[in-house]
Amino acid sequence: MFKTVIHACAAGALLLSVSGAQAQDAAKGREIYVAKGCYSCHGYNGQGGVTGPKLAPDPLAPDAIAAFVRNAGPTRMPQYVEKELSNEEVGHIHAWLASQPKPKNWKDIPLLNQE
Amino acid sequence: MTKHSEKPTSAEPISADRRSFLKGAAIAGAAVAMPSPNNNEAQAQISAGTRKAAPPPTSELLEHVAVPVGAGHGEGRPGGDFMVDVLRALKIEYVATNPASSCRGLHESINNYAMNKSPELLTVMHEESGAAMAHGYAKVTGKPMACLFHGTVGMQHATMAMYNAWCDRVPMIVMAGNHLDAADRLPGVPTTHAAQDPMAIVRDFTKWDDQPMSLQAFAEAMTRAYQITMTPLQAPVAISIDGHMQDHPIPANAKLRIPKLIMPSVPQGETGAVKDAAKLLVGAQNPVIVVDRAARTHKGQGLIVELAESLNAAVIDQLGRQNFPNRHYLHGEGRVDSLIRDADVIIGLELTDFWGTVNGITDNPEQPQSTRIKEGTKLISITAKDLYIRANYQDFQRFQQVDIPIAADAEATLPSLIEAIRSAMDPAAKARVEKRGELHRKARAAARERMMTAATLAWDASPISTARLSAEIWAAVKDHDWAMVSRDSSLSNWPHRIWNFDKPYQFIGGPGGAGVGYNLPASVGAALAHREHGRLAVNIQNDGDAMFAPGVLWTAMHHKIPLLTVMHNNRAYHQEVMHLQRLASWRGRGADRQWIGTIIDRPAIDFAMLARSMGMSSFGPISNPNELGPVLKRAVAMVKSGEPVLIDAITQPR
């Protein structure tokens, strides 16, 4: 329910205006993403797993990520206050997630089509 | 010094003449029956050994007797020899041991009377490894291994592994040496290691223990121990073996008798309750079956399939055992939450945690609790856990109110439940069953599509994704008769999403008590059990778990146990990284120091070098996923030729 709201916001109005001026840097984004522990539940590449959902490729918009990390509602996702993770840093994280290559269709990967 | 290669590994052949002589002697007089489990041979007796009285027993036992078993010291046979006879009567194949003075009498008898055959000693470098090996072995063979440990300090080492086995409902017989008589034992260390109540330390998580003070009492205690450990609820048992009794000759005039092992019948659900359960299931719109340790034997999976198909009910497998083929159209993987939410009847078979199955707590500062089922959903439980419970350790989990609790072994109850379901079926119910089948087929296909799509994410990433790792291993093992001997919960369950688990021996579940350090030794024990069937045992091994007692790699080499170990080396106690991340955020004081005390890096451990230090062939570290395939192929060929091999793969966290 809460998540639906966040996703709806992402689609429309800018919540926190994090996707603003500075150039977002994917390499820096990876560093922050690892240092702040996002990798531990979402994987180094944002692929997700049993501990956290997929974040990449095609991440939520930076504003929506920021909104979610500030208050994820009643979930297992930790909360990151701005002092811990600035909007600018979220922007870099977004750049890292957005830089992830689009995967092939699983039907085109022979290893995923073994009997 | 005897070189390793010269160590006798089996009994020397004995001539036909000598064999018939001994047989004759056995029939003539002093003899001991070595009845096999569940047969109906007559009981027989063994008299106190004298040099003249030809010792043992049945022709079967004589196969193993390569040396005259007359006096070792003193007049008659040592007590340890009789203890060997008891182990043979119970058909104990292996005894895992770390050598210790308090066990020397039995140890010497296994070496020089049994000639290290039936039972054979397995040298372990930590008692925790020995008990965990017994744990893995029992889940493949369905029968107990014995352990022979030092009293006190050895048992202190063994405890965590025994707790895991207790939580995982696994049989094993742990023997530990003790010198009870203060006037008889050596001063100093042997006295420091003696105890008045040596098994007190494991009593909260064993089903039974005993301290027999005579050989006759030992024979009876061991037979009872076997019955108790094997009867559901299965759990470890512990027998203290007195040093004096092992070391010294069998007392003159002792009339020793090994009781015949006759297994008690397994407790089944009461007929009325089973009928009520069947009625609820047949009448349901959306019945769901949840299984954890339901398949106690290799027959269990077939019965669960029959139950599920009789209702076309989805099966949620909590992966305590190989319960259900993962590619079956009724398998609930990928849709657990919706299945639980929509169910109107849920039957839980040998669940660890029924409460946690139908309720949730979110691990955040508010810890909100919520039910996962709708109002009015009926719950049925069949578990042997209701037959036996202990007070101290909380592995019995939170209390869940259940509409029909059946205190019985689930697997043994399934035939009557399936029968009752068939009898209760009416045309309307049959139509519902038919329709549900179609819906589940579609939902299963959709869930598979989602899972496979998820597997493609980070496919080429380094560190290697757990999906890629699992797919690469599957390619290397799938054309062999393989069996996974580890669990896959820290791999986001990718093997269970990608591989095809359909044979009853292909999966054995996890540690039970979540005691870290279980997996490496348990996989070696399970691989030992697979060895005689020529199966390819596959262990995907967490790095943190491996470092508790890596000496078991040496045990695998020493005893030539073929096993493919692929490290899931994420260089951290990763579960704890996540916990700390959450805690730090609750407390709002720093998101970036969670590596302290949790990472296993700086320096990184070179697991390939670790394996090589114990003589094991190894590869890695490998962090490029494209390098995995060829290495796995080579490693599998080496394992198939009979040796354990380790590959160090550097992986994503989960």
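Residues numbered from 1 in each chain as written. Chains lettered and ligands numbered in written order. Predicted model: local features only at pLDDT ≥ 70, side-chain atom pairs only at ≥ 80, totals over all residues. Heavy atoms only, no water.

## Here's the deal with helix H21 (residues 574-587) of chain B
With 14 residues, H21 of chain B extends 20 Å between its outermost C-alpha atoms, agreeing within 8% with the 20 Å of an ideal straight helix rising 1.5 Å per residue. Every buried residue of H21 of chain B is listed here: His574, Val577, Met578, Gln581, Arg582, Ala584 and Ser585 of chain B. Burial along H21 of chain B is one-sided: seen end-on, the buried residues are contained in an arc of 165°. In this structure, the buried residues of H21 of chain B make contact with helix H3 (38-42) of chain A. Following H21 of chain B by one or two positions, Gly588 of chain B has its phi on the positive side, about 60°. (Helix = DSSP H or I, 4+ residues; strand = E, 2+ residues; numbered from the N terminus. Expected span 1.5 Å × (residues − 1). Buried < 20%, exposed > 50% of the residue type's maximum accessible area, 1.4 Å probe, protein only. Arc of directions from axis to C-beta. Contact = heavy atoms within 4.5 Å.)

## Focus: the domain arrangement of chain B
Residue and element names in this part refer to chain B. Partitioning chain B into domains gives domain 1 (16-52 + 456-650), domain 2 (73-247) and domain 3 (278-452). With centres defined by C-alpha atoms, the gap from domain 1 to domain 2 works out at 24 Å. Taken residue by residue, the interface counts 39 residues in domain 1 and 34 residues in domain 2. Both faces considered, domain 1 and domain 2 share a buried interface measuring about 2600 Å² in area, 66% of it formed by carbon and sulfur atoms. Taken together, the links from domain 1 to domain 2 amount to 9 residue pairs in polar contact (both at pLDDT 80 or more). Ranked by residues supplied to the side of domain 1 that touches domain 2, first place goes to helix H18 (residues 519-531) with 9 residues. The residue makeup of the side of domain 1 that touches domain 2, split by class, is 20 nonpolar, 15 polar and 4 charged. (Domains from an automatic or database assignment. Buried area = accessible area lost by both parts, 1.4 Å probe. Polar contact = N/O pair within 3.5 Å; in protein donor to acceptor, adjacent residues only side chain to side chain. Nonpolar A, V, L, I, M, F, W, Y, C, P; charged D, E, K, R; others polar.)

## Some words on the sheet that holds strand E15 (residues 404-407) of chain B
Residue and element names in this part refer to chain B. Here 5 strands make up an open sheet; going across it, the order is E10-E9-E11-E14-E15 and the pairing parallel. Looking along the sheet, the strands with just one partner apiece sit at the ends: strand E10 (314-317) and E15. Neighbour-to-neighbour, the strand axes of this sheet turn through a mean angle of 15°, independent of strand direction. Looking at chain direction, strand E14 (residues 378-383) and E15 are connected through 4 bridges and run parallel. Each bridged residue has a counterpart across the sheet, and for Ser381 the counterpart in E15 is Pro405. (Pairing = 2+ DSSP bridges. Axes fitted to C-alpha atoms, helices over the stretch in contact; angles between N-to-C directions.)

## Thoughts on the nonpolar core
Residue and element names in this part refer to chain B. Grouped together as the largest cluster of nonpolar side chains are 56 residues, with contacts concentrated most on Met145, Met155 and Met162. Going through the elements one at a time, strand E2 (94-97), helix H5 (127-141), strand E4 (146-149), helix H6 (153-167), strand E5 (173-178), H18, helix H20 (552-558) and helix H22 (607-613) are the ones with two or more residues in this core. The dominant element in this core, judged by the number of residues it contributes, is H6, at 8 residues. Among all residues touching Met145, those that are not within four sequence positions of it are Tyr94, Ala96, Leu122, Met133, Ala134, Tyr137, Met172, Ile173 and Leu528. Counting 41 residues, the second-largest nonpolar core is a separate cluster that includes Ala471, Trp499, Ala635 and Val636. (Core = buried A, V, L, I, M, F, W, Y, C linked by side-chain atoms within 4.5 Å.)

## Re the pattern of salt bridges
Residue and element names in this part refer to chain B. Applying the stated criterion across every chain yields a total of 25 salt bridges over all chains. One salt bridge in this structure joins Arg293 and Asp168, with 2.5 Å as the shortest N-O distance. Of this pair, Arg293 sits in the loop between strand E9 (287-291) and helix H11 (300-311) while Asp168 sits in the loop between H6 and E5; the two residues are 125 residues apart in sequence, bridging distant segments of the chain. The pair formed by Arg293 and Asp168 is uniform in burial state, with each residue classed as buried. One salt bridge in this structure joins Asp197 and Arg203, with 2.6 Å as the shortest N-O distance. On the accessibility criterion, Asp197 (37% relative accessible area) is partly exposed. Relative accessible area serves as the criterion here: at 28%, Arg203 is assigned to the partly exposed category. One network of salt bridges, with partners in common, ties together Lys139, Asp168, Arg293 and Arg321. (Salt bridge = Lys/Arg side-chain N within 4 Å of Asp/Glu carboxyl O.)

## Regarding the packing of helix H10 (residues 271-283) of chain B against helix H14 (residues 410-424) of chain B
Residue and element names in this part refer to chain B. Where H10 contacts H14, the two axes come as close as 8 Å, and the packing angle between them is 50°. Between H10 and H14, the angle falls in the class oblique. For the element pair H10 and H14, the recorded crossing hand is right-handed. Residues Val274, Lys275, Ala277, Ala278, Leu281 and Val282 of H10 pack against Thr413, Ser416, Leu417, Ala420, Ile421 and Ala424 of H14. For the contact of H10 with H14, the per-class residue count stands at 9 nonpolar, 2 polar and 1 charged. (Parallel < 35°, antiparallel > 145°, perpendicular 65-115°, else oblique. Left-handed = near helix turned anticlockwise from the far one by under 90°.)

## Quick look at the environment of Glu120 of chain B
Along the chain, Glu120 of chain B turns up in strand E3 (residues 120-123). With residues up to four places along the chain from it excluded, the contact list for Glu120 of chain B reads Glu93, Tyr94, Val95 and His559 of chain B.

## A closer look at the pairing of E5 of chain B
All names here are of chain B. Of all 6 residues in E5, 6 are buried; the element is thus mostly enclosed. Side chains Ile173, Met175 and Gly177 of E5 all project onto a buried face; the interleaved residues Val174, Ala176 and Asn178 project onto the opposite face, where all are buried too. With 4 bridges joining them, E4 and E5 adopt parallel strand pairing. Counterpart to Leu148 in the pairing with E5 is Met175. The parallel pair E4 and E5, bridged by H6, forms a crossover whose chirality is right-handed. When E5 meets strand E7 (residues 237-242), the two strands line up parallel, connected through 6 bridges. Note that in E7 the partner of Ile173 across the bridge is Val237. (Right-handed = clockwise from strand over helix to strand, strands pointing away.)

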